[in-house]
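Read off the chains here:
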Amino acid sequence: MPVITALTPGNYLIGQPLSAVPDPDVLAVPDNRLRYWQLVQSFHQRIWKRWQMEYLHQRAKWTSSAPNLKLLVNNEFQEWLQNLSLFFKLLLPVFLLFFFCEYLIYYVVLIQCHWPSLDTINEEPNIAVGDGGEVKVMLLADTHLLGSRRGHWFDKLRREWQMHRAFQTAITLHRPDIVFLLCDVFDEGLSCSDAEFNAYVQRFHSLFRVPTGTQIFVVVGNHDIGFHYGISPYLQERFTQAFNAPSVRLLSIAGNHFVLINSMAMEGDGCFLCRPAELQVNKIASRLQCAKGVGKCRKGMALKQYSRPILLQHFPMYRESDAECNEPDEAPEDEKANKFRERWECLSRESSEMLFDSLNPRVIMTGHTHHGCHVEHRENKAHEFTIPSFSWRNKDNPSFILALFSPNNYAVSKCFMPRETTVIKIYLLGVPFLVLYGLITYRRHCKRSRFFKTH
């Protein structure tokens, strides 16, 4: 029987398996002396010898040692991956520190704030609720958006980002029905040109945008149009048209009446701004009395629900100073002793009494001083809350107010935002750790690179 063998590479190279016994060398024997099979072997051996001498000797790769090309490519790619990994290892902690200080910290702090609950302490049982309901209100003051003249560009960027993140985080977490800004909206509203003012307004709507279902209202402040002596009809009209903020305005929402007043129009000197404002205050007072069932009601004056109004203005009501204030965000002790100047730091005594007598407000919300304060007026019948500045530029621990109003009751809670000093301390503590982490990571990377190069 024939012997069956496997086909191996040797069959292609030498015509038989590499383990076979070599045929005798017949190249030196003349062809005429060779038998047929020996002649075939001679042709085969000549072809093999020429292929070996003329081709194999030209392939230097087969006769000399050289680095493996495939291995070299893999090493370069591996080194590139190691460098890329080092870059992300160094960048990730920096990004996490920045993300926490500039974004996440606002959620960590503001999620601790909650809407207040109505308490019987502030309830007025003699006032019927009727068709009224509860309204969630967010109040802030003194944003002081910088203009082109004051402050460094980084100061503007830093403080506006802080206000933007704090406001948007509060809106996302607490979803108020109404937002009141008790000004000053702008820091240079009095001296800016029309182009600068329009840019101001666009920045405001970009920073303090509200979602659908939430309304925002603005009360004018002295930095927006100037103090009483510096206000012109043009400045007043410009701000009024931009924010729909007349000198006196009544907003009735779910049986709750909010009266927004231009503090600079409460001078009582009969100026172009003051006299119309006083007439409007008296008209609102008549409408409230009509809703209460007192006096005659003219056509179009009736309100669906009576409730004592909430007074919103920039200047505090008349008080001698902040000496009686006892709040976590109150003024420093050296400032608390400073006496207030009427019509500058607060309303005049006469204007304050006029508002108390005509409107009989249950709550007064004010700003202007940049510090927090709670004052009780007229034997605790009216409570005034002065809201500190919303900006780090004026207050290290800014805050705002969440208030819940119904026609016969209210509740107020104060929400504190992250302190600027806290954020700075986190950065100062984080930077050394980042440097130490970077040095350790880079050292390990260098050791690993040397290991792969030697192996």
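Within every chain, residues take consecutive numbers counted from 1 along the sequence as written. The model is predicted, so local features are restricted to residues of pLDDT at least 70 and side-chain atom pairs to those at 80 or more, both for listing and for counting; the totals for chains, interfaces and linings are taken over all residues. Excluded from the side-chain calculation are hydrogens and water; included are all heavy atoms of the structure.

S.K.: Quick question: what am I supposed to make of the overall build of the protein chain here?
M.R.: Within the protein chain, the secondary structure is distributed over twelve helices and eleven strands. The globule rule puts the C-alpha radius of gyration for 455 residues at 23 Å, and the 42 Å found for the protein chain is more than 25% above it. The principal-axis extents of the C-alpha atoms in the protein chain amount to approximately 150 × 50 × 45 Å. With residues, only the protein chains shown are counted as cover, and all accessible areas are computed by Shrake-Rupley using a 1.4 Å probe. When the accessible surface of the protein chain is totalled, it reaches about 25,900 Å², and 58% of it is carbon and sulfur. The numbering of helices and of strands both runs from the N terminus, where a helix is a DSSP run of H or I of at least 4 residues and a strand a run of E of at least 2. As a reference, a globule follows 2.2 Å times the number of residues to the power 0.38, and the radius of gyration itself is taken over C-alpha atoms.

S.K.: Teacher, can you tell me more about the sheet that holds strand β8 (residues 373–377) here?
M.R.: Backbone hydrogen bonds hold the strands of a sheet together, and the pairing may be parallel or antiparallel. Whether two strands pair comes down to DSSP finding at least two bridges between them. Strand order across the open sheet formed by six strands is β4-β5-β6-β7-β9-β8, with mixed pairing between neighbours. The outermost strands of the open sheet, each flanked by one partner alone, are β4 (248–253) and β8. In this sheet, neighbouring strand axes are inclined to one another by 20° on average, regardless of whether the strands run parallel or antiparallel. Where strand β7 (residues 363–366) and strand β9 (residues 382–386) come together, four bridges link them in parallel fashion. Of the residues in β9, the one forming a bridge with T366 is T386. Angles shown run from 0 to 180 degrees and are taken between the N-to-C directions of axes, each axis being a line fitted to C-alpha atoms and, for helices, limited to the stretch in contact.

S.K.: Explain the pattern of salt bridges to me, please; I cannot follow it from the model alone.
M.R.: Pairs may arise between side chains of opposite charge once their charged atoms sit close together. The working definition used for a salt bridge is a side-chain nitrogen of Lys or Arg within 4 Å of a carboxyl oxygen of Asp or Glu. For the structure on display, the rule yields 23 salt bridges. Measuring nitrogen to oxygen at the nearest pair gives 3.1 Å for the salt bridge that ties R150 to D187. Residue R150 is found in the loop between β1 (135–140) and α5 (153–174), and its partner D187 is found in the loop between β2 (178–181) and α6 (194–207); the two are separated by 37 residues along the sequence. A relative accessible area of 6% means that D187 is categorised as buried. Through salt bridges with shared partners, a single network forms among D155, R159, R393 and E420. Think of it in three bands: with a 1.4 Å probe and only protein chains considered, a residue is buried below 20% of the maximum accessible area for its type, exposed above 50%, and partly exposed in between.

S.K.: Looking at this structure, I do not really get the packing of helix α9 (residues 274–292) against helix α11 (residues 349–359). What am I missing?
M.R.: Packed helices, taken two at a time, are described by their axes: the angle between them and the distance between them. Where α9 meets α11, the closest approach of the two axes is 9 Å, and the angle between their N-to-C directions is 25°. Judged by the inter-axis angle, α9 sits roughly parallel to α11. Touching V281, I284, A285 and L288 of α9 are M354, L355, S358 and L359, all from α11. Throughout this entry, Asp, Glu, Lys and Arg are counted as charged residues, while Ala, Val, Leu, Ile, Met, Phe, Trp, Tyr, Cys and Pro are counted as nonpolar. The remaining residues, Gly among them, count as polar. Split by residue class, the contact of α9 with α11 holds seven nonpolar, one polar and no charged. Comment on the angle field: the value is read as roughly parallel under 35 degrees, roughly antiparallel over 145, roughly perpendicular from 65 to 115, and oblique elsewhere. Throughout, a residue-residue contact means that at least one pair of heavy atoms, one from each residue, lies within 4.5 Å.

S.K.: So what exactly am I meant to see when it comes to the environment of K89 here?
M.R.: Secondary-structure assignment places K89 in helix α4 (residues 69–110). What makes K89 partly exposed here is its relative accessible area of 37%. Separated by 68 residues in the primary sequence, K89 and L157 place their C-alpha atoms 29 Å from one another.

S.K.: I would appreciate a short explanation of the pairing of β4 in the present structure.
M.R.: Within a regular strand, the side chains alternate between the two sheet faces. Inspection of the sheet shows β4 paired to strand β5 (residues 256–261) by six bridges, in the antiparallel sense. Bridge pairing in β5 places L251 opposite F258. If you look at the hairpin formed by β4 and β5, you'll find two residues sitting between the two strands, and A254 has a positive phi there, around 55°.

S.K.: What's the story with the state of the cysteines in this structure? I'm lost.
M.R.: A covalent bond bridging the sulfur atoms of two cysteines is what the word disulfide describes. Here, a disulfide means two cysteine sulfur atoms that sit within 2.5 Å of each other. According to the stated counting rule, one finds two disulfides in the structure shown. Paired by a disulfide, C325 and C373 hold their sulfur atoms 1.8 Å apart. The sign of the S-S torsion, about -80°, decides the handedness of the disulfide formed by C325 and C373: left-handed. Of the two residues, C325 sits in the loop between β6 (310–313) and α10 (333–336) while C373 sits in strand β8, which places them 48 residues apart along the sequence. C325 sits in the buried class, given a relative accessible area of 3%. In this structure C373 comes out as buried when scored by relative accessible area, which is 2%. Among the cysteines around C183, which has no disulfide bond, C192 carries the closest sulfur, lying 13 Å off. Using a relative accessible area of 0% as the deciding quantity, one classes C183 as buried.

S.K.: How do you make sense of the packing of aromatic side chains when you look at a structure like this?
M.R.: We describe a pair of aromatic rings using the distance from one ring centre to the other and the angle between the two ring planes. Stacked, tilted and edge-to-face are the three classes assigned to paired rings of Phe, Tyr and Trp, where Trp is represented by its six-membered ring and a pair needs centres within 6.5 Å; plane angles under 30 degrees give stacked, over 60 edge-to-face, the rest tilted. Applying the stated rule across the entire model yields 23 aromatic pairs. Relative to F243, the ring of F204 lies with its centre 5.2 Å away and its plane at 85°, an arrangement referred to as edge-to-face. Here the residue F204 occupies a position in helix α6, and F243 occupies one in helix α8 (residues 233–243), the gap between them amounting to 39 residues. Each of the two residues, F204 as well as F243, counts as buried. Between F258 and F405, the ring centres sit 5.7 Å apart and the planes meet at 85°, which makes this aromatic pair edge-to-face.

Treat this as a map of the structure, not an account of what it does.
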